[in-house]
Amino acid sequence: MRLRTPFALLGAALLVLVGPPLLTPGSGSGSDTGTDIPGLRFMVPNTPGGGYDITARTVAKNAEEAGLTGGIEVFNLPGAGGTVGLTRLVGERGDGRLAMSMGLGVVGAVHTNKTPRTLADTTPIARLTEEQDIVVVSKHSPYKTIGDLLAAWKANPGKLPVGGGSSPGGPDHLAPMLMARAAGIAPRDVNYIPFDGGGELLASILGDKVAFGVSGVGEYLDQIEAGELRLLAVTGAERVPGLDAPTLREAGLDTEFTNWRGIVAPPGLTDAERERLVGLVTKLHDSPQWRESLKTHGWTDAFLPGEEFGAFLTAQNERVDTVLKELGL
Amino acid sequence: MESLTSLMDGFGTALTPVNLLWAAVGVLLGTAIGVLPGIGPAMAVALLLPVTYGLEPTGAFIMFAGIYYGAMFGGSTTSILLNTPGESAAVVAAMEGHPMAKAGRGAQALAAAAIGHFTGGMIGTLLLVALAPVVAALAVDIGAPDYLALMVLAFIAVTSVLGSSRIRGVASLLIGLTIGLVGLDQLTGQQRLTFGSLQLADGIDVVIVAVGLFAIGEALWVAAHLRRTSGRPLPVGRPWLAREDVRRTWKPWLRGPFIGFPFGAIPAGGAEIPTFLAYVTEKRLSKHRDEFGKGAIEGVAGPESAASASAAGTLVSMLTLGLPTTAVAAVMLAAFQQYGIQPGPLLFEREPELVWGLIASLFVGMVLLLALNLPLAPVWAKLLRIPRPYLYAGILFFAAVGAYAVGGEALDLVVLLIVGLLGLGMRRYGLPVLPAVIGVILGPAAEQQLRRALQISDGSLTGLVNTPFSVTVYAVVLLLLGWPLLRKAVARRAS
Amino acid sequence: MTGGARAWLRAHSELGVSALLLLLGVLVLTDALTLDVDVAARGPVGPATVPLVVGCGLLAVAVLLAADVLHGGRGEAEGGEDVDLDAPADWRTVLLLAGSFLGFAVLIGPLGFPVSGALLFWAAAYVLGSRHPARDPLIAAVLSLLTYGVFDRLLGVPLPGGPLMGVL
């Protein structure tokens, strides 16, 4: 009986030490496109079903379908507007097989949470898509045009609650603040009400709980088409094809705002590792599978690889900084 | 009547052999993953999303519905057996279910939960078919002041779970409210009680609190006073519901849906508040009130039925308005978009086959789940026969796995342990743990709605009572509060 | 300290709960008062209001509880199927168990899930009185490895594999 103990211990130790590597299959069998990155993992800094999640999972799926790489493992690490994920990413210095999907929201969250790790610490890989915001009211709303709305808003900003689907610092918060600034309303006077994502926001616009709502253009296409929501304006530089609404500039507001999403990698990568990631995303961008996904999701292509994306990030960072400082956040 | 014909067509879709197969696969997968610790329906659906990629949309969504409902059935199994709820809807199931399991009535608790899910789901889905457009229109009219009124009502209900010592119950509630304060302030984004930690910025998840207070707290408490003399395993008892059990549970099963369904349909719904309200309702109405907290079967049946019906309510808002009211709904919405389908006001016109096939498959899935889970209940319950050291070691192990799997953060484990030690202290000094969990659930929700209502009214207090709905609820609250006084006054006059 | 005082404290150890509540209340109040309330909040309820109410509530309950204890009130320790309240509390077991759990939290990074998980189960079972030198570690190892396989491989929920990942 006594003799069995050492053997049992040895067996147990072997199981837990050697078992995991044996359970893991060898490197993925990507095809010979030269883009394969075995064991590539995608971190999603928000919850399943959120914007970055859909972007990451679509990229992973399309890259596999296009034969660019073996399986990409997508995992979620939500928290604090994406800054928990960002902090982890920066901590994984030199890991050439990790990337994170992100967007404008993370830029804002870095500011509001005052995190020590910022996007300047990451290796920019590429901006992928962009999306304009829309200004919508319910079908019962007294505001028929963006002009009506702006006139009423300027007269009494406090009485016109603005609903958005993101917490302070997020895209839906920045857009009305920029609008207010251009309209001559002090951003601090804006009565912004954050909702828990697009669903709750939609209910409060439909039920006339808020005077108007600001959200991504893709979110409410159906409700607009069905006549439940009235689209007053789009926030980008140009009109959105298929939508009958002026831009903010046409409405006399000297501002524009576009939300975007992209991919960053940990700091400290070798040039080769960085090139490999940028190369993979560039190939993905050219694939028919990605084109198809852009169409089904209603995303606008806004591809901007490597260094240029880095410069873009710096500019966005400054812009967000200015707005949030004015708000005292 | 129109919807009835459509539903019949839907059954035509759902009952084809292929779709029946997908429903069965979904139900099995959902149950299997739902019983894993730390994985609730939202995560199960998200994890299994890739499995459905290869299917055509109708088959995929039928499988999806199976996974969703299956994960809910499976989730209460872990909650009841191991005291480790995997998501907030299953928290209430642990409160009465686990004591039942410990007393050798695990099979009955599981059966009561399974039948509760079945009736709740069936009635909920029937309501979905009959009332979807009406409910959807009403749900949109519910605003912040109305939610706040509902929260106040729920807080009044808390008084019935404070336990024998009021002061200790209130202490527990306040501890829960304090835990609920941790995190970023939802309206201004300021950090409260986070001590600069980013991981705490989103607050402490109610599941972590529940698992910590229930599972870890109890394991530690038992360790301090382990009955070393008795080597006998936990009794398993009779495998089936006795007539007495059925007599006690049929009403809760039927009542649950009428609490759960409306809450599921409104935005900011979720299953925590309806399950809790179902629990206190059953406690109020039960003839065995003293059994609550020690394993009252009504306390399993009612909340589980409400949870299932609230899931059906969730589908109402999602299918008719494109409005995701819970995490699961958000994941399903994303899945719809994968197929280029946009749930919303036009969905029923554009994709009638898919929608009605999906709804019909909910009924089919429910029958499959009942057929699967009822016979499994005694089998699961037998798991508790393992020796106690293994049982409690296993509870600690699975609680740890669940907490770690969610975010992959070691800090979550430390938080879990701290909450567990808190649970130990509360057990030692007779502070009931239930009010603390309720505080974590209700506190942040009530604060958010209160402040949102005030923000919408630009700071005016009239913004809290400016809807007929909220005024009605406050009237009910006053009536509930005033009733004992009134009765006393009447009694005095009579004597 | 005299024996009488010690016995009094032992009998009134519930005052510790009061003290903890008091401490918690002070903590909540300090945190609330140091919040920067100069942000665009409308109406009488700002980010600090609810914490202030909760903090004051904690202080009040701490005082009331202390009064209750001094007047002879006692919290009833929770009973249960496996709980023997007549036996003296075995705090050593509790400490060891909490220690194993903390060990798991610390070790999961360097040693990976399968190793640390198996250690947690084994240690917990041992502390709780299981004495099967051969069976215990094997059950722990198999359980931990199975869990790892299901979560990491089948479901794609990443768990750290351990030091030998990438070596073998």
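Preceding block: the structure.
Residues numbered from 1 in each chain as written. Chains lettered and ligands numbered in written order. Predicted model: local features only at pLDDT ≥ 70, side-chain atom pairs only at ≥ 80, totals over all residues.

*Asks:* Outline the overall build of chain B, listing residues and values.
*Replies:* Check the secondary structure of chain B and you find 18 helices and 2 strands. Relative to a compact globule of 495 residues, whose C-alpha radius of gyration would be 23 Å, chain B shows 22 Å and is just as compact. The dimensions of chain B, computed from C-alpha atoms along their principal axes, are 60 × 60 × 60 Å. By the burial criterion, 68% of the 495 residues in chain B qualify as buried. Within chain B, counting contacts between residues at least 6 apart in sequence, those at least 24 apart form 80% of the total. (Helix = DSSP H or I, 4+ residues; strand = E, 2+ residues; numbered from the N terminus. Rg over C-alpha atoms; globule rule 2.2 N^0.38 Å. Buried ≥ 20, exposed ≤ 12 C-beta atoms within 10 Å, placed from the backbone. Contact = placed C-beta atoms within 7 Å.)

*Asks:* Which residues make up the overall build of chain A, and what are the values?
*Replies:* On a plain count of helices and strands, chain A comes out with 11 helices and 10 strands. Counting only C-alpha atoms, chain A reaches 85 × 45 × 35 Å along its principal axes. Expressed as a percentage of its 329 residues, the buried residues of chain A come to 53%. Here the analysis covers contacts within chain A between residues at least 6 apart in sequence; of these, 77% occur between residues at least 24 apart.

*Asks:* How would you summarise the nonpolar core if you had to cite specific residues and measurements?
*Replies:* With 333 residues, the main nonpolar core has B:Val45, B:Leu396, B:Ala400, B:Val437 and C:Ala124 as its most contacted residues. Considering every element that reaches this core, the biggest residue donor is helix H5 (residues 91-141) of chain B, with 25 residues. Each residue touching B:Ala400, except ones within four places of it in the same chain, is listed here: B:Leu413, C:Phe101, C:Phe104 and C:Leu120. (Core = buried A, V, L, I, M, F, W, Y, C linked by C-beta atoms within 7 Å.)

*Asks:* So what's going on with helix H9 (residues 243-265) of chain B? Which residues, and what values?
*Replies:* At 3.6 residues per turn, the α-helix brings residues three or four places apart onto the same side. Between the first and last C-alpha of H9(B) there are 34 Å, a value that for 23 residues agrees with the 33 Å anticipated at 1.5 Å per step. Of all bends in H9(B), the biggest is about 35 degrees, found at B:Thr249, and the proline B:Pro252 comes one to four residues later. (Expected span 1.5 Å × (residues − 1). Bend = angle between axes of the 7 residues up to and from the residue.)

*Asks:* Just give me the short version of the packing of H9(B) against helix H11 (residues 298-321) of chain B, but keep the residues and values in it.
*Replies:* Residue and element names in this part refer to chain B. Packing of H9 against H11 leaves a shortest axis separation of 6 Å and a crossing angle of 30 degrees. One element, H9, and the other, H11, form an angle in the roughly parallel class. Like other packed secondary-structure pairs, H9 and H11 cross with a definite hand, here right-handed. (Axes fitted to C-alpha atoms, helices over the stretch in contact; angles between N-to-C directions. Parallel < 35°, antiparallel > 145°, perpendicular 65-115°, else oblique. Left-handed = near helix turned anticlockwise from the far one by under 90°.)

*Asks:* Tell me what's going on with the interface of chain C and chain B, and back it up with residues and numbers.
*Replies:* At the junction of the two partners, chain C supplies 63 residues and chain B supplies 59 residues. Among the secondary structure elements, those contributing two or more residues to the side of chain C that touches chain B are helix H2 (15-33), helix H3 (49-70), helix H4 (91-111), helix H5 (113-127) and helix H6 (135-155) of chain C. No other element matches the 11 residues that H4(C) contributes to the side of chain C that touches chain B. Considering only residue class, the side of chain C that touches chain B consists of 41 nonpolar, 11 polar and 11 charged. (Nonpolar A, V, L, I, M, F, W, Y, C, P; charged D, E, K, R; others polar.)

*Asks:* Could you give an account of the packing of helix H4 (residues 57-82) of chain B against H5(B), with specific residues and numbers?
*Replies:* Residue and element names in this part refer to chain B. For the pair H4 and H5, the least separation of the axes is 9 Å and the interaxial angle reads 165 degrees. By the angle class used here, H4 and H5 are roughly antiparallel. In this structure, H4 crosses over H5, and the sense of that crossing is right-handed. Residues Tyr69, Met72, Phe73, Ser76, Thr77, Ser79, Ile80 and Leu81 of H4 lie in contact with H5, whose contacting residues are Ala93, Ala94, Gly97, His98, Ala101, Gly106, Ala109, Leu110, Ala113, Ala114, His117 and Gly121. For the contact of H4 with H5, the class distribution of residues is 12 nonpolar, 8 polar and no charged.

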